[in-house]
Amino acid sequence: MEPSRSREREARDYLEKYKIMELLNLLTSALLFFRPEKPRDYLIATLERLRIAQVTGVTFPFFMDSTNIVAMFEMIDSSNQGTISFVQYKEALKTLGLCTTNEDLKDDGHAITMEKFKKDV
C-alpha cells in the first residue's frame with residue numbers, strides 16, 4: 001500500500017472513531033439554522049455545552065423545538081401533501097446529524113408523516 005493511501009486510511013479511521021464528521025454536521029446544521037451574529041462564539045459555546053453534557057452525563061439540550069421541527073417538515077413537504085419521501089426523511093436526519101451515512105435505515109415503503117418526523121427528530 002502506498003504511504004499516502006495508508007495516511008488517508010488512518011485519517012478516515014480517526015474521523016470515524018471519534019465521530020468527527022457527525023460532530024461537524026451537527027455544528028454546521030445548528031449554525032445554519034440559528035445564524036448567530038458571532039458564529040465562532042456560538043460554536044465555542046456549543047462545544048462547551050457538549051463537553052459539559054458528556055462529563056456530567058446530562059443529555060445535551062436539543063437544538064430545535066417542536067415549532068422548528070414542524071417548520072422544517074413543511075419546507076421539505078413543499079407540495080403540502082402532509083408526507084415526505086423516505087429519501088427526504090433520511091437526508092433531513094443526516095443534515096441534522098441524527099443519522100450517519102453508514103447507518104442503514106429501513107424503508108418500509110410508507111411515506112413519512114409529520115408525526116413520525118417529529119418523533120424521530
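The protein chain is annotated in an unreviewed UniProt entry as EF-hand calcium-binding domain-containing protein 10-like from Chrysochloris asiatica.

Visitor: Describe the packing of helix H2 (residues 20-34) against helix H3 (residues 39-56), listing the residues and the values that go with them.
Guide: Here H2 crosses H3 at 130°, and the two axes come no closer than 11 Å. Here H2 lies oblique to H3, going by the angle between them. Judged by the sense of rotation from one axis to the other, the crossing of H2 with H3 is right-handed. From H2, Leu23, Leu26, Leu27, Ala30, Leu31 and Phe34 reach across to H3, where they touch Pro39, Tyr42, Leu43, Thr46, Leu47 and Leu50. Residue composition of the contact of H2 with H3, grouped by class: 11 nonpolar, 1 polar and no charged.

Visitor: Can you lay out the pattern of salt bridges for me, pointing to particular residues and giving the numbers?
Guide: Summed over all chains, the structure comprises 7 salt bridges. With its nearest N and O atoms 2.9 Å apart, the salt bridge here joins Asp13 to Arg9. Of this pair, Asp13 and Arg9 are both found in helix H1 (residues 3-17), 4 residues apart, which corresponds to roughly one turn of the helix. The partly exposed category is assigned to Asp13, whose relative accessible area is 34%. Among the residues examined, Arg9 registers a relative accessible area of 37% and is labelled partly exposed. In this structure, Lys116 engages Asp120 in a salt bridge whose closest nitrogen and oxygen atoms are separated by 2.8 Å. Of the two residues, Lys116 and Asp120 both sit in helix H6 (residues 114-120), 4 residues apart, roughly one turn of that helix. A relative accessible area of 34% means that Lys116 is categorised as partly exposed. Taken together, the salt bridges that share partners define one network made up of Lys116, Lys119 and Asp120.

Visitor: Report on the environment of Thr83, specifying residues and quantitative values.
Guide: Mapped onto the secondary structure, Thr83 falls in strand E1 (residues 83-84). Residues in contact with Thr83, not counting those within four places in the same chain, are Phe73, Asp77, Ala111, Ile112 and Thr113.

Visitor: Please set out the packing of aromatic side chains residue by residue, giving values where relevant.
Guide: Under the criterion given, the structure shown has 5 aromatic pairs. With a centroid separation of 5.0 Å and 55° between ring planes, the pair formed by Tyr14 and Tyr18 is classed as tilted. Residue class for Tyr18 comes out partly exposed when judged on its relative accessible area of 47%. Here Phe73 and Phe117 contribute two aromatic rings whose centre-to-centre distance is 5.5 Å and whose plane-to-plane angle is 55°, an arrangement assigned as tilted. Placement of Phe73 in helix H4 (residues 66-76) and of Phe117 in helix H6 is noted, with a sequence separation of 44 residues between them. The exposure class of Phe73 is buried, given its relative accessible area of 1%. On the accessibility criterion, Phe117 (0% relative accessible area) is buried. Every member of this aromatic cluster is reached through a ring pair, and the members are Phe33, Phe34 and Tyr42.

Calculation criteria
- Residues numbered from 1 in each chain as written.
- Predicted model: local features only at pLDDT ≥ 70, side-chain atom pairs only at ≥ 80, totals over all residues.
- Heavy atoms only, no water.
- Axes fitted to C-alpha atoms, helices over the stretch in contact; angles between N-to-C directions.
- Helix = DSSP H or I, 4+ residues; strand = E, 2+ residues; numbered from the N terminus.
- Parallel < 35°, antiparallel > 145°, perpendicular 65-115°, else oblique.
- Left-handed = near helix turned anticlockwise from the far one by under 90°.
- Contact = heavy atoms within 4.5 Å.
- Nonpolar A, V, L, I, M, F, W, Y, C, P; charged D, E, K, R; others polar.
- Salt bridge = Lys/Arg side-chain N within 4 Å of Asp/Glu carboxyl O.
- Buried < 20%, exposed > 50% of the residue type's maximum accessible area, 1.4 Å probe, protein only.
- Phe/Tyr/Trp six-rings, centres within 6.5 Å; stacked < 30°, edge-to-face > 60°.

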